[in-house]
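Residues per chain, in single letters:
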Amino acid sequence: MLIGSIYGWENGEDDIFNPHSQRNRDNCLEPMRVLQQVALSQGVELHTADVNEKNGVSPDFGLYVESIDFASPSVKKNYLILYETPLTVPRNAEYQYLNQFDGIFTWNKDLIERGFSDDQGRAIPAERFIEIFHPNPIPSECGQDFVSLPFSQRPDLVCLIGSNRHANAHDDRELYSERVRAVRWFEKHAPGELKLYGNGWKVPQKRLGKLGKLRYRMEKIYPWITSNPVFPSYQGPATTKHAVLSKTKFCICFENARDIPGYLTEKIFDCLFAGCIPIYWGEANVADAIPSDCFIDFRKFADYSALNQFISTMTAQTFASYQNASIQFLKSSGFTPYTSESFAKRIVADLKHYWPCNNSL
């Protein structure tokens, strides 16, 4: 039996595998539970690092979930699951950090095809990058047919679900600020039509850098003096994303960044599961993964006014056609790579390349 330690989870004690964890919002920990189950079926036991340490077990390998400080150079092999872009997690583009790992699981097509190189001429070969896709737990409310409420039973026109954050690197491709522009447009030109959900929206837009923080502090003054809400459309945190999306016709579904090959996250899938039509912006080649008749491509509109005209005049019949296309996709093999099962099997299968016949890494 091989033993692996999981690094990168704030709560130890195998909390990352616990379906009752307080951090298991929208069942986001399902991929790790499935990974633990698939690994065990292949003779590999996974625990958070503190559990192995408490039991006096020296792990055969370490598996890092997103970028955290490298903790265990004594472990024979170390692997990284790279979820986010460098715009959100800058060290995801740092040679010294990435080069510590024997293998890096990532969606990033540039790294998979060409490897990593920086402006100092340091390089990591493509062979060390292994392709995975963002896993998407299917809500229990979906059932096997993915049928959801029709147009007439969805009282809300459009929503946006996300936290008030900013990118951690200056880059024109970031879309955190674009989400705020979308919210502000609807609040000004179509008040009451958009509902905003998530954390941190009782204060102004979060901004990067010293000047950004100064502007943020200045923008806090007027709402504080007037007692007016910073974002009038704000509804508070979503109880669950599926509950919000199930009562909404459309969702402004922007990734954290655009035009980064392979960066396709759970945001658009959350909408499809709930029968809510995503208004998507992010992965430039999204239609290669998800049929274009499942979503609205924001890039096709000149501005938010044109977008609002399109969605506010859509017929129930056209809406149903989007829903039907989404159901067909979710029930097809095209969705399979984005499931928790595929995520788990791919990681375990590629780890096995490093396992000699004596089951020692």
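Residues numbered from 1 in each chain as written. Predicted model: local features only at pLDDT ≥ 70, side-chain atom pairs only at ≥ 80, totals over all residues. Heavy atoms only, no water.

Novice: Account for the pattern of salt bridges, naming residues and giving values.
Specialist: If you walk through the whole model with that rule in mind, you get 15 salt bridges. For the salt bridge of Glu-113 with Arg-114, the shortest nitrogen-to-oxygen distance reads 3.7 Å. Here Glu-266 ties to Lys-267 by a salt bridge, and the two come within 3.8 Å at their closest N and O atoms. Overall, Glu-266 belongs to the partly exposed group, its relative accessible area being 28%. Counted as one network, the salt bridges with shared partners bring together Asp-110, Glu-113 and Arg-114. (Salt bridge = Lys/Arg side-chain N within 4 Å of Asp/Glu carboxyl O. Buried < 20%, exposed > 50% of the residue type's maximum accessible area, 1.4 Å probe, protein only.)

Novice: I'd love a proper account of the sheet that holds strand S12 (residues 277-281), names of residues and values included.
Specialist: Remark on secondary structure: sheet strands pair via backbone hydrogen bonds, oriented parallel or antiparallel. Reading across the sheet, the five strands line up as S10-S9-S11-S12-S13 and stay open at both edges, with parallel pairing between neighbours. Since the sheet does not close on itself, it has two edges, and those belong to strand S10 (194-197) and strand S13 (296-297), each with one partner. Note that strand S9 (residues 156-161) and S10 share four bridges and pair parallel. Within S10, the residue paired with Ile-161 across the bridge is Tyr-197. (Pairing = 2+ DSSP bridges. Helix = DSSP H or I, 4+ residues; strand = E, 2+ residues; numbered from the N terminus.)

Novice: Go over unusual backbone geometry with me, naming the residues and quoting the values.
Specialist: Of note in the backbone geometry, Asp-26 takes a positive phi value of approximately 55° without being a glycine. Relative to the helices and strands, Asp-26 resides in the loop between strand S1 (2-7) and helix H1 (30-41). The phi dihedral of Asp-259 is positive, around 60°, even though this residue is not glycine. Of note, Asp-259 is situated in the loop between strand S11 (248-254) and helix H9 (266-274). With relative accessibility at 33%, the residue Asp-259 sits in the partly exposed group.

Novice: Lay out the packing of aromatic side chains in plain terms, naming residues and giving numbers.
Specialist: All told, the structure shown has 25 aromatic pairs when counted by the stated rule. Considering the side-chain rings of Phe-254 and Phe-298, the 5.2 Å spacing of their centres and the 55° angle between planes classify their relative orientation as tilted. Pair noted here: Phe-254 is in strand S11 and Phe-298 is in the loop between S13 and helix H10 (304-312), with a separation of 44 residues, a long-range link. No difference in accessibility class separates Phe-254 from Phe-298, as the two residues are buried. Ring geometry for Phe-301 against Phe-310: centres 5.3 Å apart, planes inclined by 55°, an arrangement best described as tilted. According to the relative accessible area criterion, Phe-301 is buried, its value standing at 17%. (Phe/Tyr/Trp six-rings, centres within 6.5 Å; stacked < 30°, edge-to-face > 60°.)

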